[in-house]
Amino acid sequence: MAVCIAVIAKENYPLYIRSVPSQSELKFHYTVHTSLDVVEEKISAVGKAMADQRELYLGLLYPTEDYKVYGYVTNSKVKFVIVVDSSNTSLRDNEIRSMFRKLHNSFTDVMCNPFYNPGDPIQSKAFDSMVSGMMVQAC
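Residues numbered from 1 in each chain as written. Predicted model: local features only at pLDDT ≥ 70, side-chain atom pairs only at ≥ 80, totals over all residues. Heavy atoms only, no water.

As annotated in an unreviewed UniProt entry, the chain carries the name Trafficking protein particle complex subunit 2-like protein and comes from Chanos chanos. Its UniProt record, at the heading Sequence similarities (unreviewed entry), says of the chain: "Belongs to the TRAPP small subunits family. Sedlin subfamily." (UniProt positions renumbered as here; feature names shortened; annotations may be inferred.)

K.L.:
If you had to explain the side chain of serine 106 to someone new, which residues and values would you point to?
P.N.:
Among the structural elements, serine 106 can be located in helix H2 (residues 93-112). Look at serine 106 and you get buried, because its relative accessible area is 11%. Among all residues touching serine 106, those that are not within four sequence positions of it are Phe127 and Met130. (Helix = DSSP H or I, 4+ residues; strand = E, 2+ residues; numbered from the N terminus. Buried < 20%, exposed > 50% of the residue type's maximum accessible area, 1.4 Å probe, protein only. Contact = heavy atoms within 4.5 Å.)

K.L.:
How would you summarise the pattern of salt bridges if you had to cite specific residues and measurements?
P.N.:
For the structure shown, the criterion picks out 4 salt bridges. A salt bridge links glutamate 40 to lysine 79; its shortest N-O distance comes to 3.7 Å. With glutamate 40 in helix H1 (residues 25-49) and lysine 79 in strand E5 (residues 79-85), this pair connects stretches of sequence that are 39 residues apart. (Salt bridge = Lys/Arg side-chain N within 4 Å of Asp/Glu carboxyl O.)

K.L.:
How would you sum up H2? Please name residues and give values.
P.N.:
Across its 20 residues, H2 extends 29 Å between first and last C-alpha, which sits within 8% of the 28 Å expected from 1.5 Å per residue. Taken together, the buried positions of H2 are occupied by Ile96, Met99, Phe100, Leu103, His104, Ser106, Phe107 and Val110. (Expected span 1.5 Å × (residues − 1).)

K.L.:
Explain the packing of aromatic side chains residue by residue, including any values.
P.N.:
In total, this model carries 6 aromatic pairs according to the counting rule given. Relative to phenylalanine 127, the ring of tyrosine 16 has its centre 4.9 Å away and its plane inclined at 90°; by these criteria the two rings are edge-to-face. One end of the pair, tyrosine 16, is in strand E2 (residues 14-19); the other, phenylalanine 127, is in helix H3 (residues 125-138), with 111 residues separating them in the sequence. Pair check on accessibility: tyrosine 16 and phenylalanine 127 agree, each one buried. Ring centres of phenylalanine 28 and tyrosine 67 lie 5.1 Å apart, and the angle between their planes is 70°; on these two criteria the pair is classed as edge-to-face. With phenylalanine 28 in helix H1 and tyrosine 67 in strand E4 (residues 67-73), the pair connects residues that are 39 residues apart, well separated along the chain. Taken together, Tyr57, Tyr72, Phe80, Phe100 and Phe107 form an aromatic cluster joined through their ring pairs. (Phe/Tyr/Trp six-rings, centres within 6.5 Å; stacked < 30°, edge-to-face > 60°.)

K.L.:
So what's going on with the sheet that holds E2? Residues and values would help.
P.N.:
Spatial strand order, E2-E1-E5-E4-E3: 5 strands in an open sheet with antiparallel pairing. This sheet does not close on itself; its edge strands, each paired only once, are E2 and strand E3 (57-63). The sheet shows a mean angle of 15° between the axes of neighbouring strands, direction not considered. As paired strands, E4 and E5 are joined by 7 bridges and run antiparallel to one another. In the sheet register, glycine 71 faces E5, and the bridge partner there is valine 81. (Pairing = 2+ DSSP bridges. Axes fitted to C-alpha atoms, helices over the stretch in contact; angles between N-to-C directions.)

K.L.:
Before we move on, can you summarise the environment of proline 63 with the specific residues and values?
P.N.:
Topologically, proline 63 is positioned in strand E3. The class of proline 63 is exposed, set by a relative accessible area of 53%. Separated by 20 residues in sequence, proline 63 and valine 83 place their C-alpha atoms 9.5 Å apart.

K.L.:
So what's going on with the pairing of E4? Residues and values would help.
P.N.:
For E4, the tally of buried residues reaches 6 of 7 residues, placing the bulk of the element in the interior. Examined bridge by bridge, E3 and E4 share 5 bridges and lie antiparallel to one another. Along E4, the bridge assignment pairs tyrosine 62 with valine 69. Counting the residues that bridge the hairpin from E3 to E4 gives 3 residues. Two successive antiparallel strands, E4 and E5, enclose a turn made up of 5 residues, where lysine 77 displays a positive phi of approximately 70°.

Written as structure tokens, this is what we have:
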């Protein structure tokens, strides 16, 4: 399913990035960074339209030759980006939504930890194991 999962802070710096083939980690950092422009475009378009004001799921941000990049924004403007292998054609939109829901719930658990300072990189073992589970489930 997912080859890279990233959590990006409101100020557009990474709180957490994990990729499956660790040798192409830099490539995924670049992919996530370039997707932030599309996320900002979609957020501003939703803000102007006011049609579906609280739709957190942004959908497919952009496809590349090898990957598809999906986005999600929380109410506090924290962005989640999931990069999926393009060869996985069996993956449906509702499965991507459920991945984002699981990621958001786990992120909420991290934020509720009294020892976590908002804005610091996420180093929670529970969050990391949940992300690993989402990536293993995919492969």
